[in-house]
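As a plain string of letters, each chain reads:
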Amino acid sequence: MKFFTSKHLSFKLVTLVIFISFNAAAQEISRYPLIPYPAELVAGKGSFIITSKTSILLAERFWNEANELNDLLSKGLGKKLSITKNPNPHAIKLVYDASIAAPEAYKLTITPQQVIIAAKDPAGIFHAIETIRQLLPVSIEDGNIAKQLSLPALTIEDHPTYEWRGMHLDVSRHFFSINYLEKFIDRMALYKMNKLHLHLTDDQGWRIEIKRYPRLTEEGAWRTFNNQDSACMKRAVDNPDFTIDKEHIIQRDGKTLYGGFYTQDEMKGVVAYAAARHIDVIPEIDMPGHMMAAINSYPFLTCNGENKFGELFSKPICPCNENTFEFAENVFNEIMKIFPSKYIHIGGDEVDRSDWAKSDACKALMQKEGIKDLPALQSYFINRMEKFFNSKGRKMIGWDEIIEGGVTKTAIIMYWRGWVPDAPVKAAKNGNTVIMTPGEPLYFDAQPDQYSISKVYHFNPIPKVLNKEEAKAIIGAQANIWSEMIPSEKRADYMYMPRMTALAEMLWTNDQNKYDSYLKRLVQQYNRMDALKINYRLPDLPGLLNEYVFTDEGKLSITKPLPTLTIRYTTDGLPPTTASPKLPSPLIIKTSELVKVAAFTPAGTRGDIYSLNYTQQLMLGPVKIAPPKPGLACSYYKAYFKETALMHGAKVDSTFITNKIEVPSTVKAPSFGITYRGYIEVPTDGIYSFYLTCDDGGVLRIGNNVTVNNDGNHSAQERSGQIALAMGAHPFNLDFIEGGGGFKLLLKYSLNGSEPKEIPASWLKH
Ligand code: ACM
């Protein structure tokens, strides 16, 4: 018989403990796949079984929530449970608990014997019900009837970090049906979002009935196809999600018109639907700019009767005529009757004020009121409207431009202009309440990519420079979905899901350490999204580059991000379809070609298409450098460049040597360019991959080849490429430009498929 030494034994024990705790963590994720994750969750043993005999026991004040719970459970059981006030041992109990002080907070206890949902607010009970929904089998979402439903035992104490957890939807640029709004609300509720901001009017369409001004919708809700529609139609050739929804196309007087609007009754229904789910609907009637749809029917609204685009934005309504205020107040009077929300959004963004300067009425008003400039004239309009809102007991929200000409302390600022980073800081220091919606990363109309979920999850709504007291001004954040290029429900789904789940967890749980667990829980949530028929963006295919090279043969294998997906490919340049062959593991590539790959769900939904360009290459031989000096020789250009090539021939501001690919801390100019010149000396023959992340543009050339092209003005994005290099030195040129608004520059490499890492300083020579 052979005995382990104690060293062996303790090693085995440690391994066992690690294995068990790893397994326990994985089990916990699959038992409690909750998004957003609760503030505190303690796992329990066993399950509570719900059958048609289970009853719902309630405190009087939670009658609506008891019905919501009953509706949910009946989808899985095929029957409603009895709702009672009589004690019943096998029950789900809704309990009023005045000690649960935080707004929207709840406690949830599930044991094999009973379920107790406790809260002070009905909203807390409702959030607990959505937690229960995520604990129930996915089958409850698609009406699959079962005799019993099982809830895993646990104890949760939960409350949100931020009070404003918002989603915005632009229904002007493309119109969305009432049915879709209700779906959208339902999904928000599932992830505990609580504010729906509807962008109801813009240049391209007026979407809400106003009885006093019927032409706003008779005319303003309909258009012949515009340039955004044409752009969508072009993209629809490759991607049917860009097809304009036929439901919103009509024929009138021999013309094809596109659009639609909500009647006041319909919208009241949406507001009630949202209210039952503890979501406020905040209406935005955007003015004084973005008003072309209204001006078209009511030209008296402008200073000069014109209705057209100025240099950047459309011409606004005129703040110097009393008629304008009468119109605005009449419109908002009707809006306030539809929307009981405490908040009303006035817009106030992107105003071309140039016509105001030419108007006699404005000149006279500015003189009379002592208004010093055009931003102050805009403030005159906004501040007067705020007084009107306040007189009706409402609070005004405006986009952050409204602080430019001076703003009251009571207006609520919705920050969006990422390139004006001090706007929310100024607003918070001025005492205004602030909602954060910066374009990066919270404009969900921006194409999602492999980084977008992480960026949303790691976004911190609180600007770093605010102290604790000032930070209280930031009440939360919101994602905005501008719909210029979102003409269909499927495209909308794709743009905001699953990004919204990252936003939900950031705003509710706000614990960056949970990111890895969030990603695992998200994998579980995809099953629920499938059952709900959400056209979510499929998870990224991991580890793919933009450009590949090979010397003898290339090999492509891809790890599936979800086990249910099938990866298919083409080599004829056409997009993969469900009829394309499955990707073998590996696919052997013997000639230069373009391989397109995409993942498909069992239902046939296609994920993003990846174009992988394979080029056969001879291994690049080294060059002689004598005597090599350490580091790269760099030139700094203090100017604005749209593309890296424009640096060539420009005036060099200074030069320096660096052994690290970075921007020196001495660089303070908002716009600049840097060229890094020299050699990269690699220690062994191989296929080298380079990953260039930059904001704005960058181009990497090794030898005479463009190895990575990440040029142009854009936010931080990674592009990657390969080159076959023989051991030794190779000419190395990196060009980088920053156009303004903050930069990022990161270059990593990997050899023969290893983990990407930084380029060692000793490799860089000049
Ligand atoms: C905006 O994106 N114009 C608020």
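Draft legend 1. Summary view of the state of the cysteines. Within this structure, the stated rule accounts for two disulfides. Linked covalently through their sulfurs, C303 and C318 form a disulfide whose S-S length is 2.1 Å. Linking C303 and C318, the disulfide has an S-S dihedral of approximately 85° and is accordingly described as right-handed. Highlighted residues: C303 in the loop between α8 (292-297) and α9 (322-338) and C318 in the loop between α8 and α9, separated in sequence by 15 residues. Assessed through its relative accessible area of 23%, C303 is described here as partly exposed. For C318, a relative accessible area of 0% translates into the label buried.

Draft legend 2. Expanded view of the side chain of T84. With respect to the helices, strands and loops of the structure, T84 is situated in strand β3 (residues 82-84). For T84, a relative accessible area of 15% gives the class buried. Each residue touching T84, except ones within four places of it in the same chain, is listed here: S55, I56, L57 and L58.

Draft legend 3. Molecular detail of the packing of aromatic side chains. Summed over all chains, the structure comprises 32 aromatic pairs. Ring geometry for F175 and Y262: centres 4.7 Å apart, planes at 40°, overall tilted. Taken together, the positions of F175 in the loop between β8 (164-170) and α4 (178-190) and Y262 in the loop between β14 (255-259) and α7 (264-276) put the pair 87 residues apart, joining distant regions of the chain. Each member of the pair, F175 together with Y262, is buried. Put simply, the rings of W399, W416, W419, Y443 and W482 pair up and form one aromatic cluster. We note K192 situated over the ring of W508; from NZ or CZ to the ring centre the distance is 5.8 Å. We note K195 situated over the ring of W164; from NZ or CZ to the ring centre the distance is 5.5 Å.

Draft legend 4. Structural detail: the packing of α4 against α7. The contact between α4 and α7 brings their axes to 10 Å, and the two run at 15°. It follows from the interaxial angle that α4 and α7 lie roughly parallel. Between α4 and α7 lies a crossing whose hand is right-handed. Side by side, α4 and α7 meet where I178, L181, E182, I185 and D186 of the first sit next to E266, M267, V270, Y273 and A274 of the second. Here the residues of the contact of α4 with α7 are counted per class, giving seven nonpolar, no polar and three charged.

Draft legend 5. Quick look at the nonpolar core. The biggest cluster of nonpolar side chains holds 137 residues, and the ones touching the most others in it are M167, F332, L556 and V597. It is helix α12 (residues 374-391) that provides the largest number of residues to this core, a total of nine residues. Of all hydrophobic cores here, the second largest spans 36 residues; its members include L34, L69, I92 and I117.

Draft legend 6. Looking closely at the pairing of strand β31 (residues 697-702). In terms of residue burial, β31 counts as a mostly covered element, since five of its six residues are buried. Pairing between β31 and strand β34 (residues 728-738): six bridges, direction antiparallel. Counted as the bridge partner of G698 is F736 from β34. Alignment of β31 against strand β32 (residues 705-710), held across five bridges, turns out to be antiparallel. Paired with I702 across the two strands is N705, which belongs to β32. Between the end of β31 and the start of β32, which pair antiparallel, lie two residues, with G703 showing a positive phi angle near 65°.

Rules used in this analysis
- Residues numbered from 1 in each chain as written.
- Predicted model: local features only at pLDDT ≥ 70, side-chain atom pairs only at ≥ 80, totals over all residues.
- Heavy atoms only, no water.
- Disulfide = S-S within 2.5 Å.
- Helix = DSSP H or I, 4+ residues; strand = E, 2+ residues; numbered from the N terminus.
- Buried < 20%, exposed > 50% of the residue type's maximum accessible area, 1.4 Å probe, protein only.
- Contact = heavy atoms within 4.5 Å.
- Phe/Tyr/Trp six-rings, centres within 6.5 Å; stacked < 30°, edge-to-face > 60°.
- Lys NZ or Arg CZ within 6 Å of the ring centre and 35° of its normal.
- Axes fitted to C-alpha atoms, helices over the stretch in contact; angles between N-to-C directions.
- Parallel < 35°, antiparallel > 145°, perpendicular 65-115°, else oblique.
- Left-handed = near helix turned anticlockwise from the far one by under 90°.
- Nonpolar A, V, L, I, M, F, W, Y, C, P; charged D, E, K, R; others polar.
- Core = buried A, V, L, I, M, F, W, Y, C linked by side-chain atoms within 4.5 Å.
- Pairing = 2+ DSSP bridges.

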